[in-house]
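Reading the structure
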Number of protein chains: 2
Amino acid sequence: MPTKYYSRLHAQDGNAAADSACVSVLRAAGAIIFGKTATTEFASMTEGSPCANPHNGRHTPGGSSSGSAAAVADFQVPLSIGTQTGGSIVRPGSFNGVYAFKATWGTVSTEGTSIVSPSADTPGFYARSVDDLESLAHLFRLDSRLTEPLHPLSIIGARIAFIKTHIWPEALSGTQTAWKLAHRLLAESGAKIEHVELPERFGNCPGWRETVVAEEARAAFLPKYLEDKTKLHADIVALVESTSVPSQKKLLEAHDGIARLRKEWDQIASQYDIIITPSAIDEAPEGLENTGTAACLLPAALCIQTLS
Amino acid sequence: MPTKYYSRLHAQDGNAAADSACVSVLRAAGAIIFGKTATTEFASMTEGSPCANPHNGRHTPGGSSSGSAAAVADFQVPLSIGTQTGGSIVRPGSFNGVYAFKATWGTVSTEGTSIVSPSADTPGFYARSVDDLESLAHLFRLDSRLTEPLHPLSIIGARIAFIKTHIWPEALSGTQTAWKLAHRLLAESGAKIEHVELPERFGNCPGWRETVVAEEARAAFLPKYLEDKTKLHADIVALVESTSVPSQKKLLEAHDGIARLRKEWDQIASQYDIIITPSAIDEAPEGLENTGTAACLLPAALCIQTLS
């Protein structure tokens, strides 16, 4: 099966010589691998592939894991896998109306998948039910990483935090409506809802993440750039050629800042049964050219396990 | 060129279908790739391959990047590359008497190399001179990550910290002799030497690192385990099958602990021009069966850029 990364550099590639780690695990469990799905160039751009949203062909399915979410939404396959560096598991999950699960650091091997940023790239799954997602999590031996509540969770009395995060000012009617609906339904079902405002320093998260990812992507794309830069997206070329490389000090500040916030986030999260944050700023926008605002969502930056 | 990871699982593999990111960068610069060198099973074990130390064939060259260091020491090649998860760039560098440089997080792409632990695996280089190492660093665009002192460093008056780290109680005569010699030569040359004792909490570092690496390696080896566990080293099988998986809480504590120490280390390091720590507990031990104590050296755990 050819693996072309939606890249002109790999347009003439033949079949992949070996399975990626994710595909190996699926195949060992007897899964039938239907195919590679559409992605953006090296799963790193917001410029879309020709893949459309099955709910409305004039709208984007999101990205970078565009085809994986669309193929599940379209009933072509029951399950699919993708990767997320920014929001590219949760956004396509939201745009295509399927369930999406993003693992956390190092718990699912990325071996054999294209690298953008080793400290942010994380695999994820798409399915049409939470039970199906759970089956995949079990297959990848994530059981120990899924919180096992002492008592089965009941919505009545469940402590649920609604956290708008820093992307809220950009949120449009689709997200606002879904937000209010979720709030109303949960409140009517007896949940104890709290609106949690994150401390202001969480606003640094997107900038820190951008510094780390830009630096790691620069290293990741260097070999491709050296092979043939004329076949790379102009943004990738600009990234590798950039002379405004963050200083060692700025890079360390970013790593340390993210690490500190992760701990703070854990302290906040430990007080609730469920945390709800926006997956995207709106429904899938019209047009296939752009896969939507890759708003750097908070859980993405902190590499938190996420269900969309 | 076949790439077999010194693994029975890959013993029958043919030529690799593509270059790894590191090899791509070298090839783009006109390097002639001589071959793959010996490593331990998936570069994750201390059980040696048949590779010997060129200075004395009855002694180990260290590991996991055994052959890369030995081939440079043996004048077969002027430069080589390897990876380090624990101490497996700095230890072979020391055992074979060649210069070794380990990059830091995400600055050299690991794409196409076997994964053990995404948060610890880092590529490194071997050479027979510091100038040659610098050429490689330049090729991999690490210039911005190499500290550029305002004034060329002079040993006269240079502030040099000698930090024994937690492995010192295990240090044997080879390391002790080299340590004293380095101290005497530098002091005689006019350096300002300080013996720095790390705060006691740095002693947690090896344990934290072990937690993180074990968890990540469990995920990394799962696909290989599912493919054919009878062809894997018993320690890898035990790792995947382990039921004493660290809790989410313990894993987060390890990540957060390491992140905190990294910042503390940076504060200590910023006070000195040079920091000297042990690369291994002794000279290369006799026998090829074992590549030596993979003592979790401090710079390894903190993913610090290291010269050996």
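Notes on the structure in this doc start here. Predicted, not measured: the structure shown is a model, and the values here were computed from it.

Here the structure, examined in full by the defined rule, presents five cavities of 30 Å³ or more. A volume near 80 Å³ is recorded for the largest cavity. The wall of the largest cavity is formed by 10 residues, among which Arg218(A), Ala219(A), Thr107(B), Phe140(B) and Arg141(B) lie closest to the centre. It is helix H6 (residues 205-228) of chain A that provides the largest number of residues to the lining of the largest cavity, a total of four residues. Tallied by class, the residues present in the lining of the largest cavity amount to five nonpolar, one polar and four charged. By volume, the second largest cavity amounts to about 70 Å³. Of the residues forming the lining of the second largest cavity, the biggest block, four residues, is contributed by helix H6 (residues 205-228) of chain B. The class makeup of the residues in the lining of the second largest cavity is five nonpolar, one polar and four charged.

This paragraph deals with the sheet that holds strand S4 (residues 159-162) of chain A. Residues and elements named next belong to chain A. The strand order across the open sheet formed by three strands is S5-S4-S6, and the pairing between neighbours is parallel. Whereas interior strands pair on both sides, the edge strands pair on one side only; in this sheet they are strand S5 (192-195) and strand S6 (274-276). Shown here is a sheet whose adjacent strand axes are inclined to one another by a mean of 25°, direction ignored. The sheet contacts of helix H5 (residues 173-188) involve S4, S5 and S6, and relative to S4 the element is tilted by about 165°.

This part takes up the pattern of salt bridges. Applying the stated rule across the entire model yields 22 salt bridges over all chains. A salt bridge links Asp256(A) to Arg262(B); the shortest N-O distance between them is 3.1 Å. Note that Asp256(A) is positioned in helix H8 (residues 248-269) and Arg262(B) in helix H8 (residues 248-269), a pairing that runs across two chains. Like Asp256(A), the residue Arg262(B) is buried in the burial classification. A salt bridge links Asp228(B) to Lys231(B); its shortest N-O distance comes to 3.9 Å. On the basis of relative accessibility, which here comes to 23%, the residue Asp228(B) falls in the partly exposed class.

Rules and cut-offs
The numbering scheme is per chain: residues are counted from 1 as the chain's sequence reads. Ligands are numbered from 1 and chains lettered from A, in the order in which they are written. The predicted origin of the model limits local features to residues at a pLDDT of at least 70 and limits the giving and counting of side-chain atom pairs to 80 or more, whereas totals for whole chains, interfaces and linings rest on all residues. Computation of side-chain values: all heavy atoms of the structure, hydrogens and water removed. A pocket here means an open set of points on a 1 Å grid, computed over the protein atoms alone, that has protein on both sides within 12 Å along at least five of seven lines. A cavity is instead a set of points where a 1.4 Å probe fits but cannot get out; residues with an atom within 4 Å of a point line either one. Grid points are joined across faces, edges and corners, and a volume is the space filled by probe spheres set on the points. Each helix corresponds to a stretch of at least 4 residues labelled H or I by DSSP, and each strand to a stretch of at least 2 residues labelled E; elements are numbered beginning at the N terminus. Under the scheme applied, nonpolar residues are Ala, Val, Leu, Ile, Met, Phe, Trp, Tyr, Cys and Pro; charged residues are Asp, Glu, Lys and Arg; polar residues are all the others, including Gly. Here the rule is simple: two strands pair whenever DSSP picks up at least two bridges between them. Only the stretch in contact is used when a helix axis is fitted, and all axes are lines through C-alpha atoms; the angle between N-to-C directions ranges over 0 to 180 degrees. In what follows, residue pairs with any heavy atoms lying within 4.5 Å of each other are defined as contacts. Counted as salt bridges are all cases of a side-chain nitrogen of Lys or Arg within 4 Å of a carboxyl oxygen of Asp or Glu. Only protein chains enter the area calculation, which uses a 1.4 Å probe; residues under 20% of their type maximum are buried, those over 50% are exposed, and those in between are partly exposed.

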